[in-house]
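A closer look at the structure
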Amino acid sequence: MDTHAHDRRRFLALTAGAAATPLLAACGAGFGGNDGRKGGGSAADDVTGSFDWKREKGTTVKALLNKHPYTDALIADLKSFTAKTGIKVEYDVFPEDNYFDKLTVDLSSGRASYDVFMLGAYMVWQYGPPGWLEDLGPWMRNSSATGAEWDQADFFPNLLQSDQWSLKAGAPLGQGGQYALPWGWETNVVAYNTEVFKKLGLKPAETFDELRELSGVIKRKAPGAGYDGMYGIAVRGSRSWATIHPGFMTMYARNGLHDFTVDGGKLRPAMNTPEAVAFTRDWAGMVKQGGPPSWTSYTWYQCSSDLGAKKAGMLFDADTAAYFQAVKGASPASGKIAFHPGPKGPDGSLATNMWIWSLGMNAKSRKKSASWLFLQWATGKEHLRKGAITYNHIDPVRKSISQDAAYKDKMRHLPGFIETFETVVDQTKIQFTPQAQFFDATTSWAAALQEIYGGKNAKSVLNGLASDLAAKVD
């Protein structure tokens, strides 16, 4: 059910043209949708007086949604929103195979067929500079537009900052406009089969060297312990950006490594430093020694399924990829899956990469006041608590929900889940450098990883990758 990790080649083709247009000027001309106001400004400035949930009663908002458990929770609760506001929500739901195609075409057309939509935080780097996303900061700061109970301080700050950017390539997140709101997220950790670990006398790895060794031990010894065909570790391997962002980027960051550095305002690829070359060679070696035979075709789906089918002893991926195998009756391995933060870096780092499903507003929407009420409700405490407890809105974006007794009771049957979440949550952030070529760069990086796995010289391959990317991001 961890649906964010599909190959987005079609999405890249559609956005490539947009990313190359003059709209990507550093000033972000037209950004934030000021609706032609003289001197700029935001539509949020038009909302005055006391905050009122009913201020847009009778309005209809149109939403574009990706098929996902979070979406299921939202749709199931929409009657509550309409009762609270008098606003009707019409929505279209598309599978992720074509969801971003649909969203990209609609945003780039300027038609504003949809007022609000789901997007990943990485997409802000594509959709932001052309001026397609409303800056939500003015809405958040306006007490006439935003009720006190929304409680911005209740969000984990690292999650809120991941949707905030200055639009300048290489600039850190957490500065500039707030172009989306965190809604549901996934941290990348290790899940493992407790039964095979017990039989083989193993314990979770605390270092990357231990993880590599453990992967090989499971692949060699598990079949003899009654686990026919089991291999050591499931990690993604397909030629897609999504191969880089979960386990690989998490362990890469824990080793203190970077995808790019910024030198004199210019991005410089850093995946070919001696330390990065050594790590990448070791990662490929771990997969060769302890991974699945057909690794180069592996997406999140194969990784998750193999853990559930007792084909993989470990999974280093999104916690949700393991969660949906671990819940009672979901798979042959359910009841036998535990969670662990994964190996620390040499200095003890637990830096972790994340994926965030966020909610954004179309800068061209003609119903911004009503749309903001919807975003405020959908990311508010009441709805998200219901989603976490009643549905499968697994990793809370709000601190209060993560500590809610009912939420903890729901998750307590999964060994190590709560402890792992609480261990890594504050150290989890987007570990990539924000830049418009993100999807192209990481897909090329995945192709390079496949070449190294296939036996090519790591230094030579990564030097070639860095040279190619330097020309693209310059």
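Below, the structure is looked at part by part.

Reading the values: rules and limits
- Residues numbered from 1 in each chain as written.
- Predicted model: local features only at pLDDT ≥ 70, side-chain atom pairs only at ≥ 80, totals over all residues.
- Heavy atoms only, no water.
- Helix = DSSP H or I, 4+ residues; strand = E, 2+ residues; numbered from the N terminus.
- Rg over C-alpha atoms; globule rule 2.2 N^0.38 Å.
- Contact = heavy atoms within 4.5 Å.
- Areas by Shrake-Rupley, 256 points an atom, 1.4 Å probe, with all protein chains shown as cover.
- Lys, Arg positive; Asp, Glu negative; His and termini not counted.
- Charge placed at Lys NZ, Arg CZ, Asp CG, Glu CD.
- Buried < 20%, exposed > 50% of the residue type's maximum accessible area, 1.4 Å probe, protein only.
- Pairing = 2+ DSSP bridges.
- Phe/Tyr/Trp six-rings, centres within 6.5 Å; stacked < 30°, edge-to-face > 60°.
- Axes fitted to C-alpha atoms, helices over the stretch in contact; angles between N-to-C directions.
- Parallel < 35°, antiparallel > 145°, perpendicular 65-115°, else oblique.
- Left-handed = near helix turned anticlockwise from the far one by under 90°.
- Arc of directions from axis to C-beta.

1. Thoughts on the overall build of the protein
Counting its secondary structure elements, the protein contains 20 helices and 12 strands. Relative to the compact-globule value of 23 Å for 474 residues, the protein shows a C-alpha radius of gyration of 22 Å, a close match. In terms of overall dimensions, the protein has a C-alpha envelope of 70 × 50 × 35 Å along the principal axes. For the protein, restricting intrachain contacts to residue pairs at least 6 apart in sequence, the fraction spanning at least 24 positions comes to 76%. Summed over all atoms, the accessible surface of the protein reaches about 17,800 Å², with 50% contributed by carbon and sulfur. Averaging the coordinates of the 52 positive side-chain charges in the protein and doing the same for the 48 negative ones gives two points 3 Å apart.

2. What about the pairing of strand β12 (residues 354-361)?
Counting buried positions over the eight residues of β12 gives eight, a clear majority of the element. Of the two faces of β12, the one holding Met 354, Ile 356, Ser 358 and Gly 360 and the one holding Trp 355, Trp 357, Leu 359 and Met 361 are both buried throughout. The pairing of strand β3 (residues 116-120) with β12 spans five bridges and is antiparallel. Paired with Met 118 across the strands is Leu 359, a residue of β12.

3. So, the packing of aromatic side chains
Taken as a whole and assessed by the stated rule, the structure comprises 41 aromatic pairs. Ring geometry for Phe 156 and Phe 421: centres 6.2 Å apart, planes at 65°, overall edge-to-face. You can see Phe 156 sitting in the loop between α6 (137-141) and α7 (157-161) and its partner Phe 421 sitting in helix α18 (residues 417-424), a full 265 residues away along the chain. The pair formed by Phe 156 and Phe 421 is uniform in burial state, with each residue classed as buried. For the ring pair Phe 279 and Trp 283, a centre distance of 6.0 Å and an interplane angle of 40° mean the geometry is tilted. With Phe 279 and Trp 283 both in helix α11 (residues 274-290), this residue pair falls four residues apart, about one helical turn. One aromatic cluster is present, formed by Tyr 99, Phe 100, Tyr 122, Trp 125, Trp 241, Trp 355, Trp 357, Phe 432, Phe 438 and Phe 439 through successive ring pairs.

4. A short note on the packing of helix α9 (residues 208-221) against α11
Contact geometry of α9 with α11 gives a least axis separation of 8 Å together with a crossing angle of 20°. When the axes of α9 and α11 are compared, the pair comes out roughly parallel. Here α9 and α11 pass one another in a crossing that is left-handed. Counting all contacts with α9, which are made through Phe 208, Leu 211, Arg 212, Glu 213, Ser 215, Gly 216 and Lys 219, the residues of α11 involved are Phe 279, Asp 282, Trp 283, Met 286, Lys 288, Gln 289 and Gly 290.

5. What to know about the environment of Val 277
Position of Val 277 relative to the elements: it lies in helix α11. For the pair Val 277 and Leu 462, spaced 185 residues apart in sequence, the C-alpha to C-alpha distance is 7.0 Å. With residues near it in sequence (within four places) discarded, Val 277 still touches Met 271, Asn 272, Ala 458, Lys 459 and Leu 462.

6. Brief notes about α18
Those residues of α18 not exposed but buried are Phe 417, Ile 418, Thr 420, Phe 421 and Val 424. One side of α18 holds all its buried residues, which, seen down the axis, span an arc of 165°. In this structure, the buried residues of α18 make contact with β6 (181-193), α10 (241-254), α13 (319-326), β11 (337-340), α16 (399-402) and α17 (405-411).

7. Re the side chain of Thr 71
By the element assignment, Thr 71 lies in helix α2 (residues 69-76). When its relative accessible area of 1% is taken as the criterion, Thr 71 is described as buried. Other than its neighbours up to four places away in sequence, Thr 71 contacts Leu 65, Asn 66, Val 93, Met 118 and Trp 183.

8. With respect to helix α12 (residues 300-308)
Inspection of α12 places Trp 300, Cys 303, Ser 304, Asp 306, Leu 307 and Gly 308 among the buried residues, and these make up the whole buried set. Those residues of α12 that are buried are in contact with β6, β7 (231-234), β10 (312-318), α13 and β11. Count one or two residues on from α12 and you reach Lys 310, which has phi positive near 65°.

9. Re the environment of Gly 147
Mapped onto the secondary structure, Gly 147 falls in the loop between α6 and α7. Gly 147 sits in the buried class, given a relative accessible area of 5%. In this structure the C-alpha to C-alpha distance between Gly 147 and Gln 376, which are 229 residues apart in sequence, comes to 8.5 Å. With near-sequence residues (within four places) excluded, Gly 147 lies in contact with Phe 51 and Gln 376.

Everything listed here is a matter of geometry and, on its own, says nothing about what the molecule does.
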